[in-house]
Amino acid sequence: MGDLVIGARSGAGEPEGSGGPAARSAEAAAPSSSAEDTAAQSADGHGDGTGDTPPPLPGDSGPADGTEEQPPRNERKQRSFWKELPILIGIALVLALVIKTFFVQAFSIPSESMQNTLQVGDRVLVDKLTPWFGAEPERGEVVVFHDPGGWLADEPTKESSNAFVRGVQNVLSFVGLMPSDNEKDLIKRVIAVGGDTVECEGEGPVKVNGVALNEPYVYAGNTPCGTKPFGPVKVPDGRIWVMGDHRADSLDSRFHMDQPGGGTVPVDDVIGRAFVVAWPVNHWSTLPVPDTFDQKGLAAAAPAVPAAAGAVGAVALLPLVRRLRNRPDRDRRS
C-alpha cells in the first residue's frame, strides 16, 4: 500500500491501428529512446554509474524510506530500589553508630529516683560530645554515669524473654537507636564538684560551700535531706557528689559514703549530660540547670586561693615598684 504504480491498465479496449499483440511485443523488446533518456538523466543527476552512494538532496532530513534515526540507547541502567535499600540501611546504621559513639545517645529511666523531673520509662538524650573537649560536669546538671562500683550490685537487669526481640534490641542499642536494658548506668543530679564542701543537716536545706540551695525540683513531700542527713563532705578533685530529685527513693552519694571515694563519682565515669526528654512525646522537655546554682557565693571558695596569692604577690613586688619609681629621680640629680 502507498506505492504509486505508473502505467497501470484501466481495462478499456485497445485503439485501432495500434497493431496486434506481436507488434506490441516487438515494440516492448526494442529499447525505448525515452527510457534511455531517463536513464541518462538519472546517471547525470545522481552519479557516474559506478555504484557510489548519491549525496543527499537539499532539504533531505532523513532516510529515503521515511523512518527516523534512533539515538543510541543508554547501556547503563539505574539500580532498582530493592537493590539500593540494603546500601541505604547500611549507611544509616553506620551514621547512627558514629552519632551514638561521639555525639548523642539515648537512655531509658529505669527507676523513680529522679521523679518528678523524670518518670520511669522516659527516654532522655545525653550529650557525649562536650566531654570529648575536656568539659567536666557542673553543679545542677543531670548526668548519666557508669556504676562507680557496687551501686547497682543488687539491681537485676531487665531483658526480654523472647530471643528474637532481645536480639533486635541488642542490635538497636548497639547503634544507639534504642536504650540498652543490660547496661548498668545511673542518672542523678550533680550537687557539688571537686573542691566543694557539701552538707545537709536535719531536714535541710542542702548547702554547698556554706550556701543554701533552693531546690524546687525535689519531689513533692520530700525534704532536701530525705531520710539521710550527711556531711560536711569535702569532694575530692576529679569527682562529683550526686543526688536524685526523689530524695526519699534514691540510693545516691549519701548511701555510699562507706565505699571508696566516700560516695563521690569519678568524672571519668560520666558518660554525658542529659539535656532533653525525647520520649514519650507528652513528656518532652529540656533539662536546664536550675537558677539556684547560679548564686554568686556558691563557688566563693574556689577563687579565694588565687585572690590571696595575688595579694601576697603584690606585697612582694612593692619594693621593686618603688625602686623603679625612684630611679628617674636619681638620674636627674646626677
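Please refer to the structure placed before this passage.
In this report, the structure presented in the accompanying data block is examined. (Residues numbered from 1 in each chain as written. Predicted model: local features only at pLDDT ≥ 70, side-chain atom pairs only at ≥ 80, totals over all residues. Heavy atoms only, no water.)

Concerning the pairing of strand β11 (residues 270–279)
Along any regular strand the residues' side chains alternate between the sheet's two faces.
Line of reasoning, step 1. Taken together, the five bridges between strand β2 (residues 123–127) and β11 define a ladder with antiparallel strand orientation. Bridging from a neighbouring strand, L125 pairs with V276 of β11.
Line of reasoning, step 2. The pairing of strand β3 (residues 142–146) with β11 spans three bridges and is antiparallel. In the strand pairing of β11, V143 is matched with R273.
Line of reasoning, step 3. Summarising the sheet, β11 and strand β12 (residues 285–286) pair through two bridges and their orientation is antiparallel. Paired with V276 across the strands is T286, a residue of β12.
Line of reasoning, step 4. Hairpin remark: β11 followed by β12, antiparallel, with five residues in the connecting loop. (Pairing = 2+ DSSP bridges. Helix = DSSP H or I, 4+ residues; strand = E, 2+ residues; numbered from the N terminus.)

Considerations on the state of the cysteines
Line of reasoning, step 1. Taken as a whole, this structure holds one disulfide when the rule is applied.
Line of reasoning, step 2. Sulfur-sulfur distance for the disulfide between C200 and C225 comes to 1.7 Å. With the S-S bond torsion at -95°, the cross-link from C200 to C225 turns out left-handed. Remark: C225 occurs in the loop between β7 (211–212) and β8 (230–234) and C200 occurs in strand β5 (residues 197–200); sequence separation between them is 25 residues. (Disulfide = S-S within 2.5 Å.)

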